[in-house]
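Working through the structure, step by step
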Amino acid sequence: MSAEPLLEFRRLRKHVGGRCLLDIPEFAIQQGRCILLSGENGAGKTTLLKIIAGLEPPDSARVYYQGKALPWSIARRHCRRHVVYVHQTPYLFDSSVADNIAYGLRRAGLPHTEVRAKVKEALAWAGLAHIAQRNARQLSGGEKQRVALARARIISPRVLLLDEPTASMDHESRERTYFLIQRLKSKDIGVVITSHELHYISSVGDVRFHLHQGKLHNDFDFPTRHDSRQPAARVFMAPNWAGPH
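What you see is a predicted model; the values in this text were computed from it and never measured.

**Examining the overall build of the chain**
Helix and strand counts for the chain stand at eight helices and 10 strands. Taking all 245 residues of the chain together, 53% fall into the buried category. Entry remark: accessible area of the chain is about 12100 Å², with carbon and sulfur atoms responsible for 49%.

Next up, the structure:
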């Protein structure tokens, strides 16, 4: 795993309705690491994720991909190609679990035999093989989230953005989701998670930030080996977190 950030935003600013929603000097995402992000409703967490995913433009920002400065028009293409954003209530098609997971591969034009093999492996990875032919819209919240994670993983993203991934889940569903996130990290996928339940999900994180009045603040109470008095980017580039894999 490289010590350099895969994707970095500097001097990121975003105004909404005349209000400065985001004013972030530096935000870096490293492969195989997980950022946990908290903040009140309306603080700008989802907007930040959408900017990182290339779905919404910042008012201004310096963007670096693998250390190279890029104008937004080019950076946006890299973000859309390599970053996957998973909404709190992921949209699932009115079709089987297997068909939902296969969507990205079919859209990319992969051969049918390759799609079938990759979907079979993804179903096993997410523990969904036994419900592969069930309609995805009839699943529980936890099952739907695992379908969304499998669908994201199968297209090999370099960064995964999860917006409230465990909201309203029971304990067992949360634990299964945490386990899958750990497995994604072990494959060098950078992860950013927003949540109001960080006390539940803290075990998968490497560092935790709180978004307040447009600024990112280190959370001093987060149980980490990092020195949280350091600037955000330095905290994130600290040695690898020794959690379960």
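**Some remarks on the packing of aromatic side chains**
In total, this model carries two aromatic pairs according to the counting rule given. Taken together, a centroid distance of 5.5 Å and an interplanar angle of 85° make the contact between Tyr 91 and Phe 93 edge-to-face. Measuring from ring centre to ring centre gives 4.8 Å for Phe 93 and Tyr 103, while their planes differ by 45°; the resulting arrangement is tilted. Linking Phe 93 in the loop between β6 (83-86) and α3 (97-107) with Tyr 103 in helix α3, this pair joins segments that are 10 residues apart in sequence. We classify Phe 93 as partly exposed; its relative accessible area is 27%.

**Digging into the packing of α3 against helix α5 (residues 141-153)**
Relative to each other, α3 and α5 sit at 30°, their axes nearing to 7 Å. One way to sum up the angle between α3 and α5 is to call them roughly parallel. For the pair α3 and α5, the sense of crossing is right-handed. In this structure, α3 contributes Val 97, Asn 100 and Ile 101 to the contact, and α5 contributes Val 147, Ala 150 and Arg 151.

**Focus on the layout of surface pockets**
For the largest pocket, the calculated volume is near 730 Å³. Around the largest pocket sit 22 residues that line it, and Val 84, Tyr 85, Tyr 103, Arg 151 and Ile 155 are the ones nearest its centre. Elements with a contribution of two residues or more to the lining of the largest pocket: α2 (72-82), β6, α3 and α5. Here the lining of the largest pocket gets four residues from one element, more than from any other, and that element is β6. For the lining of the largest pocket, the residue count by class is 15 nonpolar, three polar and four charged.

**Observations regarding the side chain of Arg 151**
Looking at where Arg 151 falls in the secondary structure, it is placed in helix α5. One buried charged side chain, Arg 151, makes no salt bridge at all; its nearest oppositely charged neighbour is Asp 99, positioned 11 Å away. A polar contact of 2.6 Å, which involves the side chain of Arg 151, links it to the backbone oxygen of Tyr 91. Of the polar contacts made by the side chain of Arg 151, one reaches the side chain of Asn 100; its length is 3.3 Å.

**Here's the deal with a positive patch on the surface**
Judged by side-chain charge, Arg 76, Arg 77, Arg 80 and Arg 81 come together as a positively charged surface patch. Locating Arg 81 in the fold gives a position in helix α2. Judged by relative accessible area, Arg 81 falls into the exposed class, the value being 55%.

**Looking at the side chain of Gln 145**
Tracing the chain through its elements places Gln 145 in helix α5. Classification of Gln 145 by relative accessible area gives buried; the value is 2%. Once residues lying within four places of it in the same chain are set aside, the contact partners of Gln 145 are Val 86, His 87, Gln 88, Pro 90, Pro 165 and Met 169.

**Quick look at the nonpolar core**
If you look at the biggest cluster of nonpolar residues, it comprises 39 residues, and the most contacted ones within it are Ile 101, Leu 160 and Ile 193. Top element by residues in this core is helix α4 (residues 112-126). It accounts for six residues. Ile 193 has contacts with Cys 34, Ile 35, Leu 36, Leu 37, Leu 162, Pro 165, Ile 181, Ile 201 and Val 204, leaving out every residue within four places of it along the chain. Residues Ile 35, Val 63, Leu 70 and Cys 79 belong to the second largest nonpolar core, which totals 31 residues.

**Brief notes about the packing of α5 against helix α6 (residues 171-186)**
Direction vectors running N to C along α5 and α6 enclose 10°, while the axes themselves pass 9 Å from each other. Between α5 and α6, the angle is such that the two are roughly parallel. Contacts between α5 and α6 involve Gly 142, Arg 146, Leu 149 and Arg 153 on the former and, on the latter, Ser 173, Arg 176, Thr 177, Leu 180 and Leu 184. When its residues are assigned to classes, the contact of α5 with α6 shows three nonpolar, three polar and three charged.

**Considerations on α3**
Along α3, the positions that sit buried rather than exposed are Val 97, Ala 98, Asn 100, Ile 101, Ala 102, Gly 104 and Leu 105. Backbone geometry just after α3 places Gly 109 at a positive phi near 85°.

**Some details on the confidence of the model for the chain**
Summarising the model, the chain shows a mean pLDDT of 87, and 88% of its residues fall at 70 or more. Across residues 220-245, where pLDDT falls below 50, the model places 52 contacts with residues more than four positions away in sequence or in other chains.

About the criteria used
Residues numbered from 1 in each chain as written. Predicted model: local features only at pLDDT ≥ 70, side-chain atom pairs only at ≥ 80, totals over all residues. Heavy atoms only, no water. Helix = DSSP H or I, 4+ residues; strand = E, 2+ residues; numbered from the N terminus. Buried < 20%, exposed > 50% of the residue type's maximum accessible area, 1.4 Å probe, protein only. Areas by Shrake-Rupley, 256 points an atom, 1.4 Å probe, with all protein chains shown as cover. Phe/Tyr/Trp six-rings, centres within 6.5 Å; stacked < 30°, edge-to-face > 60°. Axes fitted to C-alpha atoms, helices over the stretch in contact; angles between N-to-C directions. Parallel < 35°, antiparallel > 145°, perpendicular 65-115°, else oblique. Left-handed = near helix turned anticlockwise from the far one by under 90°. Contact = heavy atoms within 4.5 Å. 1 Å grid on protein atoms, 1.4 Å probe; cavity = no way out; pocket = protein on both sides within 12 Å on 5 of 7 lines; lining within 4 Å. Points joined across faces, edges and corners; volume = space filled by probe spheres on them. Nonpolar A, V, L, I, M, F, W, Y, C, P; charged D, E, K, R; others polar. Lys, Arg positive; Asp, Glu negative; His and termini not counted. Salt bridge = Lys/Arg side-chain N within 4 Å of Asp/Glu carboxyl O. Polar contact = N/O pair within 3.5 Å; in protein donor to acceptor, adjacent residues only side chain to side chain. Patch = residues over 30% accessible without salt bridge, like charges linked within 9 Å, V, L, I, M, F, W, Y side chains within 5 Å. Charge placed at Lys NZ, Arg CZ, Asp CG, Glu CD. Core = buried A, V, L, I, M, F, W, Y, C linked by side-chain atoms within 4.5 Å. pLDDT = per-residue confidence, 0-100.

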